[in-house]
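Descriptive analysis of the structure
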Amino acid sequence: MENLPKVAIIGRPNIGKSTLINRICKSREAIVHQQPMITRDRKYYLSDWNNKDFYLLDTGGIDLKSTKRLSLEIFIQAKKAIDEADVIIFMVDISEPVSVMDGEIAQILRKSEKEIIFVGNKWDDPGRSFYTEDYLEFGFGYPLKISAIHGKNIGDLLDLVAERLPADSSEQIINQDELPVISILGRPNVGKSTLFNTFIREERAIVDDIEGTTRDSIDSIVTIREKSYKFIDTAGLKRQKKNMDDLEYYSKLRTERAASESDIALILVDSSKLKITKQDVKIVEMCIDKGISICIVFSKIDLANSEILDALIKDLDYSLRFAHFIPFLKISANTKKGLGSLVKMIDTLMEERAKKISDKKLTELFKSLTHKKGIFIKGKQFKVKFVRQIKTSPPSFLIFSNLDATRKVNIRRYIENNIREEFDFTGAPIFLKFKY
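One structure accompanies this document, and this report is about it. Only a predicted model underlies this, so the values are computations on that prediction, with no experimental measurement involved. (Residues numbered from 1 in each chain as written. Predicted model: local features only at pLDDT ≥ 70, side-chain atom pairs only at ≥ 80, totals over all residues. Heavy atoms only, no water.)

1. Examining the packing of aromatic side chains
To keep things clear, this is the line we draw: Centres within 6.5 Å are what make two rings of Phe, Tyr or Trp a pair, Trp counting through its six-membered ring; a difference in plane orientation under 30 degrees is then read as stacked, over 60 as edge-to-face, and the rest as tilted. The helix and strand labels rest on DSSP assignments: H or I over at least four residues marks a helix, E over at least two residues marks a strand, and numbering proceeds from the N terminus. Throughout this description, buried means an accessible area under 20% of the type-specific maximum (1.4 Å probe, protein chains only), exposed means over 50%, and partly exposed covers the range between.
Applying the stated criterion to the full structure yields twelve aromatic pairs. Each ring, one from F397 and one from F425, has its centre 5.8 Å from the other, and the planes form 80°; the classification is edge-to-face. Taken together, the positions of F397 in strand β16 (residues 396–401) and F425 in the loop between α11 (409–423) and β17 (431–435) put the pair 28 residues apart, joining distant regions of the chain. Judged by its relative accessible area of 0%, F397 falls in the buried class. Judged by relative accessible area, which is 0%, F425 ranks as buried. An aromatic cluster of at least three residues, connected via ring pairs, comprises F90, F118, Y135, F138 and F140.

Given below as structure tokens:
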């Protein structure tokens, strides 16, 4: 994470913090839902205003009265955001009376001695009455009235943010477009957030035994041995249901979008499970279709029985018999066993997907194969005249042949297998296009 100023948005649950994030970022990055506790982890969004760059920190709603363990974890993440923020946007809902939760948060913020911008959200209809005067009791003055959903007074809010940012906020930003993007995928509760936190060396994603703790995708830039990477923690991909609620749907959509933007997918499988599931295979198939390089990662090996793990690896080999180019590793994020090998594998996968083979080498390979093996379509021998690699990341090839083989699975497999045997492309899906 670059050392840019940070602006945290703090408030009780369901008052529009994520809506404000989306309004400022001019996107739908943060999941917005009427159900409380949707935002759980600490998320960073790169923003700028008046030529000043800064991070917006989205946090879960603080509810100190709740006895749920998840509420405590959300508070811990929000407290970390308060501690590291240079400026805090304290948001209340001025369409509702002052609540006990608002008062408790105000007390926490006064003790923080940070720059506070007091904001009253849901000022959606200036013609109606609001509870603005009641909020003076917090000692922060009148809240700046805004409507995150309608965009009212957002410019005024950002002017205040820019004024209060530290003077030395012009630090050069890492060009994220040039970084390898690695998404951590898998079914719920396989250890994705634990691995993510281990890589970024802090707890930004809440880790819990409860399935579905991570609702949204969280990313962070990490530098390892002077190389920078962008890691994305994602929500667990469950088996498709007929009646998926809208929250599950958008969570799934965010995970799939994060995968689409990735170069590499680390697909986690819990080492203590007895078999590879159809959902594991579907996640692999999704990544192949999207052209993402893949490594299967057996997680939690510190908790696994060796016989069960060996059986699971054999099951993986059978379940992914259509994709033997995918490597696998065994790790424990808790004990950090295997993490060094995982970083090396990430570098290898990036090199393999970016590899470019010359026309001459490709054509010579298939000319030599023509004399060794014959493949026939309706009595005619299929011959490769010329091969050209037309793209990298993922590798894609144009095949000039004497016959149309676009729909011939056996020929596509024959060509891909020979390319891999000669040139490898570990972990990378290969795409073929035919001309005849």
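Next comes the rest of the description.
2. A word on the packing of helix α5 (residues 192–200) against helix α9 (residues 339–353)
Note the following rule: To define axes, lines are fitted to C-alpha atoms, for helices over the stretch in contact only, and angles between the resulting N-to-C directions are given on a 0 to 180 degree scale. These descriptions rest on fixed angle ranges, namely under 35 degrees for roughly parallel, over 145 for roughly antiparallel, 65 to 115 for roughly perpendicular, and the rest for oblique. Whether two residues are in contact is decided by their heavy atoms, any of which lying within 4.5 Å being enough. The residue classification treats Ala, Val, Leu, Ile, Met, Phe, Trp, Tyr, Cys and Pro as nonpolar and Asp, Glu, Lys and Arg as charged. All others, Gly included, are polar.
Following both chains from N to C, one finds α5 and α9 inclined at 85°, their axes separated by 12 Å at the closest point. With respect to α9, the element α5 is oriented roughly perpendicular. When α5 is examined against α9, the residues L195, T198 and F199 are found in contact with a partner set consisting of L339, L342 and V343. In terms of residue class, the contact of α5 with α9 is built from five nonpolar, one polar and no charged.

3. Concerning the side chain of D347
Inspection of the secondary structure assignment puts D347 in helix α9. With sequence-adjacent residues up to four places away left out, D347 is seen in contact with K227 and Y229.

4. Some remarks on the pairing of strand β4 (residues 87–93)
The side chains of a regular strand alternate between the sheet's two faces. Applicable threshold: A strand pair is defined by DSSP finding two or more bridges across the two strands.
Among the seven residues in β4, seven count as buried, and that is most of the element. Of the strand pairs in this sheet, strand β1 (residues 6–10) and β4 are connected by four bridges, and their pairing is parallel. The residue of β4 that forms the bridge with A8 is I88. Bridging between β4 and strand β5 (residues 115–121) involves seven bridges; their strand directions are parallel. Directly across from I88, in β5, lies its bridge partner I116.

5. Some details on the environment of L266
Residue placement: L266 occurs in strand β10 (residues 264–270). The residues touching L266, leaving out its near neighbours within four places in the chain, are I182, S183, I184, L185, L195, C295, V297, L342 and I346.

6. Re the pattern of salt bridges
What counts is decided by this rule: Salt bridges, as used here, are contacts in which a Lys or Arg side-chain nitrogen is within 4 Å of a carboxyl oxygen on Asp or Glu.
Counted by the stated rule, this structure contains eleven salt bridges. Measuring nitrogen to oxygen at the nearest pair gives 3.0 Å for the salt bridge that ties R388 to D359. Taken together, the residues span a long stretch of sequence, with R388 in strand β15 (residues 384–391) and D359 in helix α10 (residues 359–372) at a distance of 29 residues. On the accessibility criterion, R388 (37% relative accessible area) is partly exposed. The residue E416 makes a salt bridge to R420 at a minimum N-O spacing of 2.9 Å. Residue E416 and its partner R420 are both found in helix α11; the two are separated by four residues, about one turn of the helix. For the pair E416 and R420, a shared accessibility class is recorded, and that class is buried. Via salt bridges that share partners, R12, E96 and D102 belong to a single interconnected network.

The analysis is restricted to geometry; functional conclusions fall outside its scope.
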